[in-house]
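# Coordinate analysis (summary)
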Amino acid sequence: MKKYTYSAKRSDNSENWCVIDAKDKILGRLASQVAYRIRGKHNPLFTPHVDTGDWIIVINADKIRMTGNKLDQKKYYRHSGYIGGIKSTTAKELLEKKPEELIKKAVKGMLPKNRLGRKLGKKLFVYTGDQHPHAAQKPEVVEI
């Protein structure tokens, strides 16, 4: 009988590729499931300080839904660094111009705010249509 807790290493991760279809899914619920899989919490070898998650491909990002009045009322801010340089964009404008960014921002907010979180953020690929260029990785379809 072992008397210690096993701590996973980076090499223990099998690094699966998953495809998630965002068509008619609600943004927050989808983002929380994507962050859960990227972080590796579905994996029995989950270790908080190690990347044990999967690579995620999200398709049909332009067909995502938001509940309530969030499309008109939710705002995303950015700042140029100059005085008075704050700019805002509503979720509706962002969905029309860059629907991929809407999902990336939602998932990024659910990942750790440190080196590991920045590394995990690079494991997410979001596409507007139903095609993606990652067929060589043989991704499996995950239903959420």
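Scoring rules and cut-offs
Residues numbered from 1 in each chain as written. Predicted model: local features only at pLDDT ≥ 70, side-chain atom pairs only at ≥ 80, totals over all residues. Heavy atoms only, no water. Helix = DSSP H or I, 4+ residues; strand = E, 2+ residues; numbered from the N terminus. Expected span 1.5 Å × (residues − 1). Buried < 20%, exposed > 50% of the residue type's maximum accessible area, 1.4 Å probe, protein only. Salt bridge = Lys/Arg side-chain N within 4 Å of Asp/Glu carboxyl O. Patch = residues over 30% accessible without salt bridge, like charges linked within 9 Å, V, L, I, M, F, W, Y side chains within 5 Å. Areas by Shrake-Rupley, 256 points an atom, 1.4 Å probe, with all protein chains shown as cover. Lys, Arg positive; Asp, Glu negative; His and termini not counted. Charge placed at Lys NZ, Arg CZ, Asp CG, Glu CD. Core = buried A, V, L, I, M, F, W, Y, C linked by side-chain atoms within 4.5 Å. Contact = heavy atoms within 4.5 Å. Pairing = 2+ DSSP bridges. Axes fitted to C-alpha atoms, helices over the stretch in contact; angles between N-to-C directions. Arc of directions from axis to C-beta.

Moving on to helix H1 (residues 27-39). The end-to-end C-alpha separation of H1 is 18 Å, in line with the 18 Å expected for 13 residues at 1.5 Å each. The set of residues buried in H1 consists of Leu 27, Leu 30, Ala 31, Val 34, Ala 35, Arg 37, Ile 38 and Arg 39.

The subject of this paragraph is the pattern of salt bridges. Throughout the structure, instances matching the rule amount to six salt bridges. A salt bridge links Asp 51 to Arg 10, with the shortest nitrogen-to-oxygen separation between them at 3.5 Å. Note that Asp 51 is positioned in the loop between H1 and strand S2 (55-59) and Arg 10 in the segment before strand S1 (17-21), a separation of 41 residues in sequence. The class for Asp 51 is buried, based on a relative accessible area of 3%.

Let us now look at a positive patch on the surface. Residues Arg 78, Lys 87, Lys 97, Lys 98, Lys 105, Lys 108 and Lys 113 make up a contiguous surface patch of positive charge. With respect to the element layout, Lys 87 can be found in strand S4 (residues 86-90).

Moving on, we come to the nonpolar core. Counting 28 residues, the largest nonpolar core has Val 34, Val 58, Leu 102, Ile 103 and Val 107 as its most contacted members. Within the residue set of this core, elements represented by two or more residues are S1, H1, S2, helix H3 (91-97), helix H4 (99-108), helix H5 (115-121) and strand S5 (124-126). With six residues, the single largest contributor to this core is H1. In this structure Val 107 touches Ala 31, Val 34, Ala 35, Ile 38 and Leu 124, once residues within four positions along its chain are discounted. Within the second largest apolar cluster, five residues are counted, among which are Trp 17, Trp 55, Ile 57 and Ile 59.

Now for the sheet that holds S5. Taken together, four strands build an open sheet; the order of strands is S5-S2-S1-S6 and the sheet is parallel. The open sheet has two edge strands with one neighbour each: S5 and strand S6 (140-141). The sheet contacts of H1 involve S1, S2, S5 and S6, and relative to S2 the element is tilted by about 155 degrees. In this fold H4 packs onto S2 and S5, with an angle of close to 155 degrees to the strand it touches most, S5.

At 3.6 residues per turn, the α-helix brings residues three or four places apart onto the same side. Three or more residues of H4 are buried, namely Pro 99, Leu 102, Ile 103, Ala 106 and Val 107. Looking straight down H4, one finds that the buried residues subtend no more than 120 degrees of arc, so they occupy a single side. For H4, the secondary structure elements touched by its buried residues are H1, S2, strand S3 (75-79), H3 and S5.

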